[in-house]
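Survey of secondary and tertiary structure
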Amino acid sequence: MSSPESLILAPIITEKGTMASEKAGQVLFRVRPGASKDKIREAVEHLFKVTVIKVRTSNFMGKERKKGAIKGRQMDWKKAYVTLKEGDKIEFFEGL
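This write-up is about the structure you can find in this document. (Residues numbered from 1 in each chain as written. Predicted model: local features only at pLDDT ≥ 70, side-chain atom pairs only at ≥ 80, totals over all residues. Heavy atoms only, no water.)

So, the sheet that holds strand E1 (residues 8–11)
Heads up, the condition is: When DSSP finds two or more bridges between a pair of strands, those strands are recorded as paired. Labels follow the DSSP assignment, with helices taken as runs of H or I lasting at least four residues and strands as runs of E lasting at least two, numbered in each case from the N terminus. Only the stretch in contact is used when fitting a helix axis, every axis being a line fitted to C-alpha atoms; angles between N-to-C directions are given from 0 to 180 degrees.
On the basis of which strands lie adjacent, the open sheet formed by four strands has the order E1-E2-E6-E3 and antiparallel pairing. Only two strands of the sheet have a single neighbouring strand rather than two, namely E1 and strand E3 (52–60). Taken pair by pair, the neighbouring strands of this sheet meet at an average axis angle of 30°, ignoring direction. Across three bridges, E1 lies against strand E2 (residues 26–31) in antiparallel orientation. Looking across to E2, one finds that proline 11 is bridged to phenylalanine 29.

Below you can see the structure in the form of structure tokens.
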């Protein structure tokens, strides 16, 4: 597959993701649909210099959208729940 930088698309900063981070030490990422758990683990450890204990993934089907007579479909995507070792932390908004 490609580089670790292109494997992880974005962090998911939502209320549910923040609660998972506080309670279980998990961080949520939007990743490429073809990414395996091992590749996600390697990418997170390489990019953020943390120790990953567990990776869970969830696939989502893209929604169909219509605007008048034009039909379209959003892309399928994958969410990764990454559990970090106790004491490790990834801060996305450090300066705020």
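Anyway, onward from the coordinates.
What about the packing of aromatic side chains?
Selection criterion: Put simply, two rings from Phe, Tyr or Trp (the six-membered ring, in Trp's case) pair if the centres are within 6.5 Å, and we call them stacked under 30 degrees between planes, edge-to-face over 60, tilted for the rest. Buried residues are those whose accessible area, probed at 1.4 Å on protein chains only, stays under 20% of the maximum for their type, while exposed residues exceed 50% and partly exposed ones sit between those limits. Counted as over-ring charges are cases with an Arg CZ or a Lys NZ within 6 Å of the ring centre that also lie within 35 degrees of the ring normal.
Tallied over the full model, the rule gives two aromatic pairs. With a centroid separation of 5.7 Å and an interplanar angle of 25°, the aromatic rings of phenylalanine 29 and phenylalanine 48 are classed as stacked. Taken as a pair, phenylalanine 29 in strand E2 and phenylalanine 48 in helix H3 (residues 37–48) lie far apart in primary sequence, 19 residues in all. Note on phenylalanine 48: relative accessible area 30%, which makes it partly exposed. Note on phenylalanine 60 and tryptophan 77: the rings are 4.5 Å apart at their centroids and 15° apart in plane angle, and the pair reads as stacked. Here phenylalanine 60 is found in strand E3, whereas its partner tryptophan 77 is found in strand E6 (residues 77–84), with 17 residues between them in sequence. With a relative accessible area of 22%, tryptophan 77 lands in the partly exposed category. One cation-aromatic arrangement involves arginine 30 over tryptophan 77; the distance from NZ or CZ to the ring centre is 4.4 Å. When the ring centre of tyrosine 81 is taken as reference, the NZ or CZ atom of arginine 56 above it lies at 4.8 Å.

Concerning unusual backbone geometry
Despite not being glycine, lysine 49 shows a phi value in the positive range, around 55°. Following the sequence through the fold, lysine 49 ends up in the loop between H3 and E3. The class of lysine 49 is exposed, set by a relative accessible area of 66%.

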